[in-house]
Amino acid sequence: MIKVFVSVGMIGGLVIAYLTVFAVGPISQLPPPESLLTGFRAKGFVPTVVNLEEDETAEEAEVFEVPPQDAVMLKQILKNSSSMPGMNMNSMGEAAMKPAPGAAKMPNAEGAMEMKADGAMDMKKETSTDMPMGDKMAEGGLLVADNGNFDREIKLTMAEWKFSAKQIDVKPGERIKFTVVNDGQIPHEFMFMNMPLMSAVTYRATRADWNLVEHKALFEKALVLPGGDFSFVLKVTQPGTWMFMCMLPFHMQMGMMGQMSTPGMAMDMAM
Amino acid sequence: MENALGISGPQAIMMAVTASFTVLGMVMLLAAIFMKKRWKPSYMFEFAFIGLMLGLVYYADVLSFDTYTAYQENLNAEEKMVSGNFVGKGEAAFDRVVTVVAFQWGFAFINEDEQLSRNAVVVKPGEKILFKIVSNDVIHGFNIPVAQITAEIDPDDKREVWIKAPDKPGKYLIQCVNYCGVGHSQMKAWLVVQGSTPTAGLDGGSINGDA
């Protein structure tokens, strides 16, 4: 009789081990069926304007810290890029980037990123070149302004949990007007990041205080309420690849990300 | 009477009584073990002992009632309250009215000028702030530990709570305390206290709308 109990226990243990170690499903969740803000606007609970202005006092307060590990990584990147002109992505970070011939993978928020070893991502330009266009400066190979002349227009839709485009092909020197609409039921954010900034995110993704730390980005539009939209003009000043994503907790992990790249610079996204 | 722990009043008396009975009990146990001859006290002695115990229990009851009443009075003193539910009257007495939209996963704060801030609300020390909280999707919580306030926000409903901002400038946590999805643990925000204490507004009226 004891053998029966022992074997049942063994089998049960193995099943539990399999379920907890190997058969773990993806972190995902059904989005809410509707945003209740519409009803609250009718009742007067929240302002009727959908595209609300940003509160400057909260921005100026600088309450959000850059996590220590991120700060170290970003400092290292800046140091490398200023002391070694012409250095490419490969020597960028001891962190997560390894040179890989040919196409490489950019899997998920775990963040092991590999890039094409073309050496075309020139960090010297990315951090030290200042080219004013409108009210913003060139940073990370992108010039961003609120409006201006543009060659073509791209409309992006944000919803749970994806963007309408996963891949945007651009040419160096191109000016693009982005119009981003939040078509989902949850407030979302929109950010452009280059690869060093993305690698700094990997540490943050494991933290419980995601909302309490700074998400450094080349372009950032925080909190677009459901139904809201915004637009900006972006100039690609050099070859490269950039990620755009929603940086609310788990939105990016569940698929709200995409990439914009110049020809030959695209990464394989295993999603 | 203040004891070695710096506690005085009924609490200290009760601690002293409890300690004496503990020591007495230990001594009696040791005596029962090591005394050669059994001690047989008279019945009167036993009755007296039980009577003493009952008296002490009654005394403890009276004291605890006094302590509890004093605690409640202290708690309900309006000048000592740092937070509470808003009863719908006397909104003009507040220095700041903030609309909060709780969503999956974060807080959006909308100030009186209809400006939006992400995961941070900036206030001045000692200000009285009214939070009007709505939920965008599911049941969320709203907890500010430093202000001792917790509220549950049901969908399709509005919760109104008020807090008195801490006098010390700094960053204080605001968090969700009702499980609301995979990002619940990361649904936090900052209550930022900075600047100088407001000169007006503190005596502008009663928070509870009685004045």
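The structure we're discussing is the one just above.
What counts, and at which threshold
Residues numbered from 1 in each chain as written. Chains lettered and ligands numbered in written order. Predicted model: local features only at pLDDT ≥ 70, side-chain atom pairs only at ≥ 80, totals over all residues. Heavy atoms only, no water. Helix = DSSP H or I, 4+ residues; strand = E, 2+ residues; numbered from the N terminus. Contact = heavy atoms within 4.5 Å. Areas by Shrake-Rupley, 256 points an atom, 1.4 Å probe, with all protein chains shown as cover. Patch = residues over 30% accessible without salt bridge, like charges linked within 9 Å, V, L, I, M, F, W, Y side chains within 5 Å. Salt bridge = Lys/Arg side-chain N within 4 Å of Asp/Glu carboxyl O. Lys, Arg positive; Asp, Glu negative; His and termini not counted. Charge placed at Lys NZ, Arg CZ, Asp CG, Glu CD. Polar contact = N/O pair within 3.5 Å; in protein donor to acceptor, adjacent residues only side chain to side chain. Nonpolar A, V, L, I, M, F, W, Y, C, P; charged D, E, K, R; others polar. Phe/Tyr/Trp six-rings, centres within 6.5 Å; stacked < 30°, edge-to-face > 60°. Buried < 20%, exposed > 50% of the residue type's maximum accessible area, 1.4 Å probe, protein only. Lys NZ or Arg CZ within 6 Å of the ring centre and 35° of its normal.

A. Region of interest: the overall build of chain B. In terms of regular secondary structure, chain B is built from two helices and 11 strands. Ordering the α and β elements of chain B from the N terminus gives α-α-β-β-β-β-β-β-β-β-β-β-β. Expressed as a percentage of contacts within chain B between residues at least 6 apart in sequence, the contacts between residues at least 24 apart total 65%. Summing over all exposed atoms, chain B offers an accessible surface of approximately 12,100 Å²; the carbon and sulfur share of this is 60%.

B. Region of the structure containing a negative patch on the surface. Among the surface-exposed residues, A:Glu53, A:Glu54, A:Glu56, A:Glu59, A:Glu60, A:Glu220, B:Glu112, B:Asp113 and B:Glu114 lie close enough to one another that they form a single negatively charged patch. Going through the elements one at a time, β1 (53-54) and α3 (56-60) of chain A are the ones with two or more residues in the negative patch. Among the elements that line the negative patch, the one with the most residues is α3(A), at three residues.

C. Local environment of the interface of chain A and chain B. Of the residues lining the interface, 46 residues belong to chain A; the matching set on chain B comes to 40 residues. In this assembly, chain A and chain B are joined by two salt bridges. Salt-bridge contacts for A:Lys43 lead to B:Asp156; the nearest nitrogen and oxygen are separated by 3.8 Å. Taken together, the links from chain A to chain B amount to 14 residue pairs in polar contact (both at pLDDT 80 or more). When residues of the side of chain A that touches chain B are assigned to their parent elements, the largest contribution, three residues, is made by helix α2 (residues 37-43) of chain A. Each residue belonging to the side of chain A that touches chain B can be placed in one class, and the counts come to 29 nonpolar, eight polar and nine charged.

D. Representation of the packing of aromatic side chains. This structure, assessed with the given rule, holds 21 aromatic pairs over all chains. On the numbers, 5.6 Å between centres and 70° between planes, the contact of A:Phe178 with A:Phe192 is edge-to-face. Of this pair, A:Phe178 sits in strand β8 (residues 175-182) while A:Phe192 sits in strand β9 (residues 188-193), and the two are 14 residues apart along the sequence. Relative accessible area serves as the criterion here: at 0%, A:Phe178 is assigned to the buried category. Seen in terms of ring centroids, A:Phe192 and A:Phe232 are 6.3 Å apart; in terms of plane orientation they differ by 80°. Their pairing is edge-to-face. Highlighted residues: A:Phe192 in strand β9 and A:Phe232 in strand β11 (residues 229-236), separated in sequence by 40 residues. Like A:Phe192, the residue A:Phe232 is buried in the burial classification. Every member of this aromatic cluster is reached through a ring pair, and the members are A:Phe163, A:Phe178, A:Phe190, A:Phe192, A:Phe219, A:Phe230, A:Phe232 and A:Phe244. Geometry around B:Trp190 places B:Lys171 over its ring, the cationic atom sitting 4.6 Å from the centre.

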